[in-house]
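# Fold and geometry: a report
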Amino acid sequence: MQDDYDVIIIGGGATGGGTALDLALRGLKVALIERADLTDGTSGRYHGLLHSGGRYAVRDPESARECIEENRILRRIVPHAIEDTGGFFVTTPDDDPAYADKWLKACRACGIEATEISVAQMLKEEPALNPAITRAFRVPDAASDSFDVLTALGAAIQAQHGTVLTYHEVIGLTVANGKVTGATVRNRHTGAERHLAAPMIVNAAGAWAGQIAGMAGCPVTVRPSKGTMVAMAYRFVNTIINRCHPPGDGDILVPVGTVAVIGTTSVNVPDPNDTSIQSWEVRKLLEEGEMMVPGFSSVRALRAWAGVRPLYEEGGDALGREAKRTFAVLDHVQRDGVAGLITVVGGKFTTDRLMAERAADVVCQQLGVTRPCTTKDYVLPDARVPMMTPKTHWLGHRLEDVETAKQPDSLICECELVTRSDFEQAARAHADIVAPWVLDDLRRDLRLGMGPCQGGFCGYRAAGILHETGHQDAPQATAALADFAQKRWKGQRPLLWGQSLRQALLDEQIYRGILGLDQLESAG
Ligand SMILES: Cc1cc2nc3c(=O)[nH]c(=O)nc-3n(C[C@H](O)[C@H](O)[C@H](O)COP(=O)(O)OP(=O)(O)OC[C@H]3O[C@@H](n4cnc5c(N)ncnc54)[C@H](O)[C@@H]3O)c2cc1C
């Protein structure tokens, strides 16, 4: 069986999603192919910072300029996924005080609004911060939710008659007479293979882009750099806090929903699938947190996870923090003599719209399409309330919805205030409701199980509803629950001490002691 498209885009992260929408808005028939759920790659495992560019102003001004320009655009076009927290750059006693003046000058040169405020004012706004901080600067950072961005992108692509195929892995590219003409994909649920044909393929597979390009015989060396983050159980601050020093480990604290996330580390890894977390990384992040918020490391750590940066420099060999954060669009006909294939790689989540625009420009030029890019002004609807004009994300919106609800509705996830009807609606919309990974996908849609109990109380309720409403039979619901519990456990494992250990033991007792999940699985 073969399906024909104008363009196939490989990779359901922010770059691939943005490229698919850009091309669909220019009137092309697109298919976005992702081997798991949208945001399963780095885009769903990042720190959540919409960069002002301040972090890169001194060493990498090109990236800094890209960040501030895109920061302004994204606030306009995807406001519901952005919380306008603002940001501070602070000089702690551990930071070289001379760096701040150099940094301020560099920000000005890059067009980033950075204003010095008094330490007293900083402490008035953020009383948990270290009173020994000597200088503080306000910048236009914000917090961005990649799950919401990709949900909106996916819905917008489909609204433009594009196809989004999740859980379809590209296992080969078809190359004939020096031209890529299609891709073979495997459905990861059924194992079925099919061939998709298109005159142009965009490789937006992030840290895996080298593997995809390799399928067409094009050498692309992506340098994967793993970064670990830890979500703490409290939202210590309402503003993003950056250390005012050259980028290092554990020097950014991002308020995300009800928690605060400290990150990241930077470890060069040979395999982009390597998201294992070393104990030194967690220790280092908690130690660095103390410099910004005294008492940080004694607060409960909720969850640790890692993502892999798709670092790329054409002709360069810099690794980790030395590598630039700009991006590249590789036209393989010019570079390697292979037509029909473009690779877009590198960059940041903040600059993914720009990457998509540049990649789409090259595709259109080769296909003879003259329509210009319109994504700078295309406001992405909030997929959950599509009839309303999107507003900037407000932390209190779920509580307000629950408190002002006209119909009584039960909460199935108290930590993240997910109601039964939210859950049922999202489940009905899910493309592959019988798949064992469905609860983890619904987590990304709803934040189910992302709070302090880490799925301990909501997981079995959610699986019960899938069964009660006839979406899944008993063995399917058991498999979904086991998959969800296992994935929640993965993020707790590196933090097993104190309160986190107590919570993990409680969850273990609920799932294995009371519900007998092991026996149910082997019986199922
Ligand atoms: C620790 C860390 C923290 C970060 N923090 C920030 C931040 O705060 N702000 C910011 O702006 N940026 C941040 N970044 C950078 C940012 O997250 C990435 O640059 C961006 O998400 C990359 O998006 P992408 O779409 O290019 O790649 P990805 O999101 O990785 O998408 C590529 C997709 O391709 C899919 N794929 C791979 N192989 C195949 C195949 N064979 N078939 C089908 N699909 C395939 C993968 O599953 C994946 O979903 C951070 C990165 C890391 C690692």
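The preceding data block contains the structure.
Predicted, not measured: the structure shown is a model, and the values here were computed from it.

### With respect to helix α11 (residues 420-429)
Buried residues of α11: Phe423, Ala426 and Ala427, and no others. Seen end-on, α11 carries its buried residues on one side only, within an arc spanning 100°. In α11, the exposed positions that point more than 90 degrees away from the buried face belong to Arg428 and Ala429. Where the residues of α11 are buried, they touch β23 (411-413), β24 (418-419), α12 (438-446) and α13 (458-468).

### With respect to the site of the ligand
Taken together, 37 residues lie around the ligand, and Thr15, Glu34, Ser43, Leu49 and Thr350 are the ones closest in. At 3.2 Å, a backbone N or O of Ala14 approaches an oxygen atom of the ligand. One of the backbone N or O atoms of Thr42 is found 2.9 Å from an oxygen atom in the ligand. Taken by itself the ligand offers 1000 Å² of open surface, and the protein chains cover 98% of this. Among the secondary structure elements, those contributing two or more residues to the shell around the ligand are α1 (14-25), β11 (168-176), β15 (223-232) and β20 (301-311). Take the shell around the ligand: its biggest share by element is 4 residues, from β20. For the shell around the ligand, a count of residues per class yields 14 nonpolar, 17 polar and 6 charged.

### Some remarks on the pattern of salt bridges
Throughout the structure, instances matching the rule amount to 32 salt bridges. Salt bridges sharing common partners tie together Asp37, Asp40, Arg45, Asp440, Asp441, Arg443 and Arg444.

### Observations concerning the side chain of Ser43
Considering the arrangement of structural elements, one finds Ser43 in the loop between β3 (30-33) and β4 (49-50). Once residues lying within four places of it in the same chain are set aside, the contact partners of Ser43 are Gly13, Ala14, Ser146 and Phe349.

### Let's talk about the sheet that holds strand β10 (residues 163-165)
Ordered in space as β10-β3-β2-β14-β22-β21, the 6 strands form an open sheet in which the pairing is mixed. Only two strands of the sheet have a single neighbouring strand rather than two, namely β10 and β21 (327-331). Recorded for the sheet is a direction-independent mean angle of 15° between the axes of neighbouring strands. In terms of strand pairing, β3 meets β10 through 3 bridges, oriented parallel. Note that in β10 the partner of Ile33 across the bridge is Leu165.

### Section: empty space enclosed by the protein
A complete count under the given rule lists 3 cavities of 30 Å³ or more for this structure. Approximately 210 Å³ is the volume found for the largest cavity. Lining the largest cavity we find 18 residues, and of these Leu74, Ile77, Val149, Leu153 and Arg353 sit closest to its centre. The set of elements that each furnish at least two residues to the lining of the largest cavity consists of α1, α2 (61-77), α5 (146-159) and α9 (352-367). Residue composition of the lining of the largest cavity, grouped by class: 13 nonpolar, 3 polar and 2 charged. Forming the walls of the second largest cavity are Gly54, Arg55, Phe89, Tyr99, Trp103, Arg243, His245 and Pro247.

### Details of the nonpolar core
Val7, Ile9, Leu23 and Val30 are the most contacted members of the largest nonpolar core, which has 43 residues in total. For this core, the secondary-structure elements that each account for two or more residues are β2 (7-10), α1, β3, α2, α5, β14 (200-203), β22 (341-346) and α9. With 7 residues, the top contributor of residues to this core is α9. When near neighbours in sequence (up to four residues on either side) are disregarded, Val30 contacts Tyr5, Val7, Ile9, Ala20, Leu23, Ala24, Ile157, Gly162 and Thr163. Of all hydrophobic cores here, the second largest spans 32 residues; its members include Val180, Leu196, Ala198 and Val338.

### Quick look at the sheet that holds β4
Pairing is antiparallel across the open sheet formed by 3 strands, whose spatial order is β4-β9-β5. The open sheet is flanked by β4 and β5 (82-83), the only strands paired with a single partner. Of the strand pairs in this sheet, β4 and strand β9 (residues 142-144) are connected by 2 bridges, and their pairing is antiparallel. Looking at the pairing, Leu50 lines up with Ala142 of β9.

### Notes on helix α7 (residues 279-292)
The end-to-end C-alpha distance of α7, which contains 14 residues, comes to 21 Å, matching closely the 20 Å that a straight helix rising 1.5 Å per residue would cover. Considered for burial, the residues of α7 that qualify are Glu281, Val282, Leu285, Leu286, Glu288, Gly289, Met291 and Met292. Where α7 is buried, its residues contact β15, β16 (240-243), β17 (252-256), β18 (259-263) and β19 (267-268).

### Digging into the state of the cysteines
Inspection of the entire model under this criterion finds 0 disulfides. Take Cys67: it sits in no disulfide, and the sulfur closest to it among the cysteines is that of Cys110, at 9.9 Å.

### Quick look at the packing of aromatic side chains
Under the criterion given, the structure shown has 6 aromatic pairs. Measuring from ring centre to ring centre gives 4.9 Å for Phe236 and Phe296, while their planes differ by 25°; the resulting arrangement is stacked. Of this pair, Phe236 sits in the loop between β15 and β16 while Phe296 is found in the loop between α7 and β20, placing the two residues 60 residues apart along the sequence. The residues Phe236 and Phe296 share a single accessibility class, namely buried.

### Considering a negative patch on the surface
A cluster of acidic residues, Glu400, Asp401, Glu403, Asp409 and Asp422, forms a negative patch on the protein surface. The leading source of residues in the negative patch is helix α10 (residues 397-403), at 3 residues. Relative to the helices and strands, Asp422 resides in helix α11. We classify Asp422 as partly exposed; its relative accessible area is 31%.

What counts and how
Residues numbered from 1 in each chain as written. Predicted model: local features only at pLDDT ≥ 70, side-chain atom pairs only at ≥ 80, totals over all residues. Heavy atoms only, no water. Buried < 20%, exposed > 50% of the residue type's maximum accessible area, 1.4 Å probe, protein only. Helix = DSSP H or I, 4+ residues; strand = E, 2+ residues; numbered from the N terminus. Arc of directions from axis to C-beta. Contact = heavy atoms within 4.5 Å. Near = heavy atom within 4 Å. Polar contact = N/O pair within 3.5 Å; in protein donor to acceptor, adjacent residues only side chain to side chain. Areas by Shrake-Rupley, 256 points an atom, 1.4 Å probe, with all protein chains shown as cover. Nonpolar A, V, L, I, M, F, W, Y, C, P; charged D, E, K, R; others polar. Salt bridge = Lys/Arg side-chain N within 4 Å of Asp/Glu carboxyl O. Pairing = 2+ DSSP bridges. Axes fitted to C-alpha atoms, helices over the stretch in contact; angles between N-to-C directions. 1 Å grid on protein atoms, 1.4 Å probe; cavity = no way out; pocket = protein on both sides within 12 Å on 5 of 7 lines; lining within 4 Å. Points joined across faces, edges and corners; volume = space filled by probe spheres on them. Core = buried A, V, L, I, M, F, W, Y, C linked by side-chain atoms within 4.5 Å. Expected span 1.5 Å × (residues − 1). Disulfide = S-S within 2.5 Å. Phe/Tyr/Trp six-rings, centres within 6.5 Å; stacked < 30°, edge-to-face > 60°. Patch = residues over 30% accessible without salt bridge, like charges linked within 9 Å, V, L, I, M, F, W, Y side chains within 5 Å. Lys, Arg positive; Asp, Glu negative; His and termini not counted. Charge placed at Lys NZ, Arg CZ, Asp CG, Glu CD.

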